[in-house]
Amino acid sequence: MDNKSQKENPSGSSRRDFLKKSSAITAIALTPAIAVKASDLKLDEKLSEAMEQMPLNIEINGEMHHLKVEPRLTLLDLLRERLKLTGTKKGCDQGQCGACTVHVDGVRTNSCLSLAIMNDGAKITTIEGLAKGNELHPMQEAFIKHDGFQCGYCTSGQIMSAIACIHEGHADSETNIREFMSGNICRCGAYANIVNAIQEVKAGGKV
Amino acid sequence: MSKKHLENADMELALSRVDGRVKVTGAAKYTAEVQLPELTYGVLVESTIGQGMITALDTKKAERAPGVMAVISHLNTPGVPEYKLQNQDVIQKQLRVFDSENIYFNGQPIAVVVADTLERAQYGASLVKVVYAKGKSATSLENNLSRAVMPKKTKEDYMRGKAAAFKDAEFQVEEEYTLPSEAHHPMEPHSIIAWWEAADKLTLVDKTQGSQNTAAIMAKSFQLSPQNVKVISTYVGGAFGSALRVWPHEIVAVLAAKKVQKPVKLVLHRNQMSYMVGYRPHTLQKVALGASKDGKLLGISHESYGKTSMYEEFTENVLAMTRMMYDVPNIDTKYRIVPLNVSTPAPMRGPGEATGSFALECALDELSYKLNMDPIELRLANYADQDPDKKMPWSSKYLKECYQLGAEKIGWDKRKALPGAVQEGEWKVGYGIATGTFGAFRGGASMKATFKPDGTLLLQSAIADIGPGTATTMTIIASENLGIPVEKISFQLGNSTFPKAPQQGGSNTVATVGSAVVAVCNNLKVELAKRAAKQKADWGNAVASTIRFKGANLVNTDEPSSKIEFASLFGAESPNELVITADAAPGDEKNKYSFYSFSVHFIEAHVHELTGVVRIKNAVSVIDCGTVVSPKTARSQSMGGIVGGIGMALTEELVLDDRNGRTVNASFGDYHVPVQADIPQMQMMFVNEKDPYLNPMGSKGLGEIVIIGVAPAVANAVYNATGKRIRNLPITPDKLI
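Conventions and cut-offs
Residues numbered from 1 in each chain as written. Chains lettered and ligands numbered in written order. Predicted model: local features only at pLDDT ≥ 70, side-chain atom pairs only at ≥ 80, totals over all residues. Helix = DSSP H or I, 4+ residues; strand = E, 2+ residues; numbered from the N terminus. Contact = placed C-beta atoms within 7 Å. Buried ≥ 20, exposed ≤ 12 C-beta atoms within 10 Å, placed from the backbone. Core = buried A, V, L, I, M, F, W, Y, C linked by C-beta atoms within 7 Å. Pairing = 2+ DSSP bridges. Axes fitted to C-alpha atoms, helices over the stretch in contact; angles between N-to-C directions. Domains from an automatic or database assignment. Right-handed = clockwise from strand over helix to strand, strands pointing away. Parallel < 35°, antiparallel > 145°, perpendicular 65-115°, else oblique. Left-handed = near helix turned anticlockwise from the far one by under 90°. Nonpolar A, V, L, I, M, F, W, Y, C, P; charged D, E, K, R; others polar. Expected span 1.5 Å × (residues − 1). pLDDT = per-residue confidence, 0-100.

Novice: How should the overall build of chain A be read in this particular structure?
Specialist: When helices and strands are tallied, chain A shows 10 helices and five strands. Across chain A, every contact between residues at least 6 apart in sequence was considered, and the portion connecting residues at least 24 apart equals 57%.

Okay, structure coming up:
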């Protein structure tokens, strides 16, 4: 805890402590002995934990999810760790590499910089939501054809960004593509191939 | 020359990656994505001082935090059994994890917090309180050159002919070149999931370039029977050398899994990737060249001083290229390392040679201006027709063709010898070249093939694929050997229980593992022919080289009437599959020939007069790597080398705060790797001439030579554009204005 927050909260007690004190354990006036035992069993933790969960209604790849999540959970970790949608990648966890790019209501977004609860009511599309059954999205096809990747780890983010780049109207020239794809790092260096893939999809007019 | 060489357009039409679909759909499961029941999360606590001791470690608050299952440090580690043994290898002495209160570098892992969710482990790690007795850390290379030592494994400095012979020459160049430390920064952070299936049985899903190497080291560290350690690395999201060994965080994960008796997942944060998994070490080089007026080199003296850690000697072949690249009678080299309060470096793409070539190839460029001689002509004047170090013939060398093809492609005749002579608007235009080379190696490998009556073939090898497209290349080799279409072949890799393979590093995968593919394909054909001979006698004479699969049949191309349905060749004992294995190993060819791959890189650089911004406008690489097996992926790998080399030349530099040894620019926001806007269209060319001796495919290595020589080519182009010679990378705008 930094100095500022300590000043504002001189007792050093956290929201969690407050929840514990005001939670059911106190409210239902248990006898002290039982309260001590409840504390030993970390029941107070469990109660406060339950109260810290926030409701989240979110549509991902066309499927509604009704969830309860901690406020500190990022959209990226919700996808990867809770929902096992691991196609979206964690490259830096601080909005600097683009590997975690998803579409939130159609807008490309670094999911590592977005808390899950900020997306209540939103429609999310991830790499897993692009193909229709066995039929790949034209951008996925173009990435394979032009070899727009090597190790494949940045690829999901590149493809999500590339589709958005066309939708935004930023794929009208090679220079613009390079500029508006510069938030997606590829350490293997497939950049030139990625540009070729985007140009072909743009010319195809299906996206 | 006949058009055998490959250019961009030829390669775009070649076979696409066989694992392309799983990579573009997000279905490929990288290490941290493998699902296991009861998975727990480990988060490291790291030292915040560069040198000293931990005097107190308070973990109480962390232990009481919700979801936290264990806090492990030197106070309560289950221990690494190998540490207790005597006879520790003094040269390769990995940091001993949680073994004492000693701190050797800033960022050293000193504890791990394990919890049931990632958020809870991260919060728990923030609650660990550490008190230190702080010592004085030393991290500056330049300020600590007096600590330089000769590595223990080096017996003596190299000398050929006479020392310092350059001093007798009419034309001389004597300069210092520095390269900063550079981070590998593969896009996938290093990750591991460790669990103990039994008290003596360990399984890891791990980011590694060598599943069997990791398994062997883990077995030794934890004193387990080798067959009780299994390592899986099916998909590796890049590595560039950072995953060639077992790092402390991997040992930590195994210790943590032992403590909590559940699978532990540990993923490094991007910033930790700057100092926990190696880096190309900051290196200072002194080079002196001496030549006669016709450009003939009389002597080269080359010294190198590189960083290493306090606990381990890291060395790389910085001076190897100097000793073999040019036909020079007198060469002396001196290699030293400087132990500092830093973590141990690691080989990074083109290890050694990428560093050494920056000094050597820039110095040659400087000499070319002193001689008023074209830089390509200067290199041709010193062209080595045999290996001048080993005094052996090259196995193959098409470097002259590389110079010629590249000069035509980039339009070398547009280059003006006078620096700063070409201007386009506010931009000064220059051209540069540099040569790259790296040893072409082949090791031993085994392969398992499972062939089925429906004509499908499964190949299995422990080899990793960190990105070059190994499964694709191996599939092509098998398909070309057998005649089975690529769609019917699958190649499984990245598992220590599969047949023997080396680490994926040092550009030897195709030569080594590809040879095992050829061997197993040949064995399969011979076995089927043996079975066919029981039905038709003329199959008795068939040899592997003339047997082909054609549709549902096996054909002996020497006897066109010989065709036989291969489905009829499965015996009663195994009617559904035929399993064949093979071993492949190099012979004595390396006693007869010197094996190297070669590359030449051409760069057109534009430098903004006012701001000093450098833009690479065109890049051409011409490569002699023997036969190109998989043109599309080879082309991509070469482009990646250019991109890495541009980063090395223009932006990449790990900066330490020498007051405390902390990495100042650990994030992607501060450590600048090239992005889309930095990279031009590039033209990759391959000579595509077979090497007759290294392996049956005729291939040599590719992964290293594509970056070796790129940074000096950029520096030489910047000089040609501006007349400013930048000898300390990266060439940032402040150095040009």
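Continuing now.
Novice: Would you explain the overall build of chain B in this entry?
Specialist: When you go through chain B residue by residue, the secondary structure sums to 15 helices and 31 strands. Principal-axis analysis of the C-alpha atoms places the extent of chain B at approximately 80 × 75 × 50 Å. For chain B, with 737 residues in total, the buried portion stands at 59%. Within chain B, counting contacts between residues at least 6 apart in sequence, those at least 24 apart form 82% of the total.

Novice: Looking at this structure, how should I read the nonpolar core?
Specialist: Generally speaking, a soluble globular protein has its nonpolar side chains buried in company with each other. Residues and elements named next belong to chain B. Formed by 286 residues in total, the largest nonpolar core has its most connected members in Val113, Leu289, Val517, Val520 and Val714. Top element by residues in this core is helix α13 (residues 509–533). It accounts for 13 residues. Non-local contacts of Val113, meaning those with residues more than four positions away in its chain, are made with Val43, Val45, Ala62, Val68, Val71, Ala121, Gly124, Ala125 and Val128.

Novice: Would you mind going over the interface of chain A and chain B with me for this structure?
Specialist: As a measure of interface size, the accessible area lost when the parts come together is often cited. Across the contact, 47 residues belong to chain A and 49 residues belong to chain B. At the level of elements, α5 (43–52), α6 (75–82), α7 (138–145), α8 (155–167), α9 (174–180) and α10 (191–204) of chain A are the ones that each hand at least two residues to the side of chain A that touches chain B. Among the elements that take part in the side of chain A that touches chain B, α7(A) stands out by supplying four residues, more than any other.

Novice: Could you clarify how one ought to interpret the sheet that holds strand β24 (residues 553–556) of chain B in this entry?
Specialist: Strand pairing in a sheet is mediated by backbone hydrogen bonds. Such pairs are either parallel or antiparallel. All names here are of chain B. Reading across from one edge, β23-β24-β25 is the order of the three strands in this open sheet, with antiparallel pairing throughout. Because the sheet does not close on itself, it has two edges, and the strands there are β23 (547–550) and β25 (559–565). Neighbouring strand axes in the sheet, compared pairwise and without regard to direction, differ in orientation by 30° on average. In terms of strand pairing, β23 meets β24 through four bridges, oriented antiparallel. Following the sheet pairing, Arg548 is matched in β24 by Val555.

Novice: Any chance you could explain the pairing of strand β3 (residues 68–73) of chain B here in plain terms?
Specialist: Every other side chain in a regular strand lies on the same face of the sheet, so the side chains alternate between the two faces. Residues and elements named next belong to chain B. Where burial is concerned, most of β3 is hidden: five out of the six residues are buried. In terms of strand pairing, β3 meets strand β5 (residues 109–115) through five bridges, oriented antiparallel. Opposite Val71, over in β5, you have Val113 as the bridge partner.

Novice: Hey, could you run me through the domain arrangement of chain B in this one?
Specialist: Residues and elements named next belong to chain B. According to the domain assignment, chain B contains domain 1 (34–136 + 188–237 + 243–274), domain 2 (283–441 + 591–735) and domain 3 (445–585). For domain 1 and domain 2, the distance between their C-alpha centroids amounts to 37 Å. The partner domain 2 presents 19 residues to the 17 residues of domain 1 that form the contact.

Novice: Whenever I open this one, the sheet that holds strand β5 (residues 123–125) of chain A confuses me. Can you help?
Specialist: All names here are of chain A. Across the sheet, five strands lie side by side as β2-β1-β5-β3-β4; this open sheet has mixed pairing. Pairing within the sheet leaves two strands with one partner each, and these edge strands are β2 (63–69) and β4 (107–110). Ignoring which end each strand starts from, the neighbouring axes of this sheet average 40° apart. The pairing of strand β1 (residues 54–60) with β5 spans two bridges and is classified as parallel. Counterpart to Glu59 in the pairing with β5 is Lys123.

Novice: What is the right way to look at the pairing of strand β22 (residues 489–492) of chain B in this model?
Specialist: Residues and elements named next belong to chain B. Here β22 shows one buried face, formed by Ile489 and Phe491, and one open face, formed by Ser490 and Gln492. With four bridges joining them, strand β21 (residues 457–460) and β22 adopt parallel strand pairing. Residue pairing across strands places Gln460 opposite Gln492, the latter belonging to β22. Taken together, β21, helix α12 (residues 470–482) and β22 constitute a β-α-β crossover, and its handedness is right-handed.

Novice: So what exactly am I meant to see when it comes to the packing of helix α9 (residues 353–371) of chain B against helix α15 (residues 710–722) of chain B here?
Specialist: For any two helices packed against each other, one specifies the crossing angle of their axes together with the interaxial distance. All names here are of chain B. Running from N to C, α9 and α15 cross one another at 30°; their axes reach a closest spacing of 8 Å. Classified by the angle between their axes, α9 and α15 sit roughly parallel to one another. The interaxial crossing formed by α9 with α15 has right-handed handedness. Facing α9, whose interface residues are Ser357, Phe358, Glu361, Cys362 and Asp365, α15 presents Ala711, Pro712, Ala715, Asn716 and Tyr719. Among the residues forming the contact of α9 with α15, the class breakdown is six nonpolar, two polar and two charged.

Novice: Is there a simple way to think about α8(A) in this case?
Specialist: Its 13 residues give α8(A) an end-to-end C-alpha distance of 18 Å, which sits within 8% of 18 Å, the value for a rise of 1.5 Å per residue. In terms of burial, α8(A) is largely enclosed, as 12 of its 13 residues are buried. Three or more residues of α8(A) are buried, namely A:Thr155, A:Ser156, A:Gly157, A:Gln158, A:Ile159, A:Met160, A:Ser161, A:Ala162, A:Ile163, A:Ala164, A:Cys165 and A:Ile166. Contact partners of the buried residues in α8(A): β3 (101–104), β4, α7, α9 and α10 of chain A together with α2 (20–24) of chain B.

Novice: Any chance you could explain helix α5 (residues 118–126) of chain B here in plain terms?
Specialist: Helical geometry: 3.6 residues make up each α-helical turn, so side chains three or four residues apart lie on a common side. For α5(B), the full list of buried residues reads B:Leu118, B:Glu119, B:Arg120, B:Ala121, B:Gly124 and B:Ala125. Summarising the contacts, the buried residues of α5(B) are in contact with α6 of chain A together with β1 (40–46), α3 (60–64), β3 and β5 of chain B.

Novice: Help me understand the environment of A:Glu59 in this model?
Specialist: Residue and element names in this part refer to chain A. Mapped onto the secondary structure, Glu59 falls in strand β1. In the structure, Glu59 is positioned 65 residues away from Ile124 in sequence and 6.0 Å away in space, judged by C-alpha atoms. Residues contacting Glu59, with those up to four places away along its chain left out, are Met64, Lys123 and Ile124.

Novice: For this particular structure, what's the right way to read the confidence of the model for chain B?
Specialist: Atomic detail in the predicted coordinates should be set aside for any region of low pLDDT. Summing up the model confidence of chain B, the mean pLDDT is 96 and the portion of residues at 70 or higher is 99%. ipTM for the predicted complex: 0.97, alongside a pTM of 0.95.

Novice: Explanation requested: the environment of B:Phe441 in the structure shown.
Specialist: Among the structural elements, B:Phe441 can be located in the loop between β19 (427–439) and β20 (445–451). For the pair B:Phe441 and B:Val510, spaced 69 residues apart in sequence, the C-alpha separation works out to 9.7 Å.

Novice: Looking at this model, I keep getting lost on unusual backbone geometry. Mind explaining?
Specialist: Residues and elements named next belong to chain B. A cis amide bond links Leu729 to the next residue, Pro730, at an omega of -5°. Following the sequence through the fold, Pro730 ends up in the segment after α15. The residue His185 is not glycine, and still its phi comes out positive at about 45°. Position of His185 relative to the elements: it lies in the loop between β8 (171–179) and β9 (191–198).

Novice: Where do I start with the packing of α7(A) against α10(A) in this structure?
Specialist: All names here are of chain A. At a minimum axis separation of 9 Å, α7 and α10 run at an interaxial angle of 140°. When the axis of α7 is compared with that of α10, the two are oblique. Where α7 crosses over α10, the handedness of that crossing is right-handed. Note on element contacts: α10 touches α7 through Ala197, Glu200, Val201 and Gly204, opposite Pro138, Met139, Ala142 and Phe143. Across the contact of α7 with α10, the residue classes break down as six nonpolar, one polar and one charged.

Novice: Would you mind going over the confidence of the model for chain A with me for this structure?
Specialist: Across chain A, pLDDT averages 87, with 77% of residues at or above 70. Predicted confidence for residues 1–12 of chain A stays below pLDDT 50, and this span has two contacts to residues more than four positions away or in other chains.

Novice: I tried to follow the environment of B:Ile217 on my own but got confused; where do I start?
Specialist: Mapped onto the elements, B:Ile217 comes out in helix α6 (residues 211–221). Placed 28 residues apart in sequence, B:Ile217 and B:Arg245 show a C-alpha to C-alpha distance of 8.5 Å.

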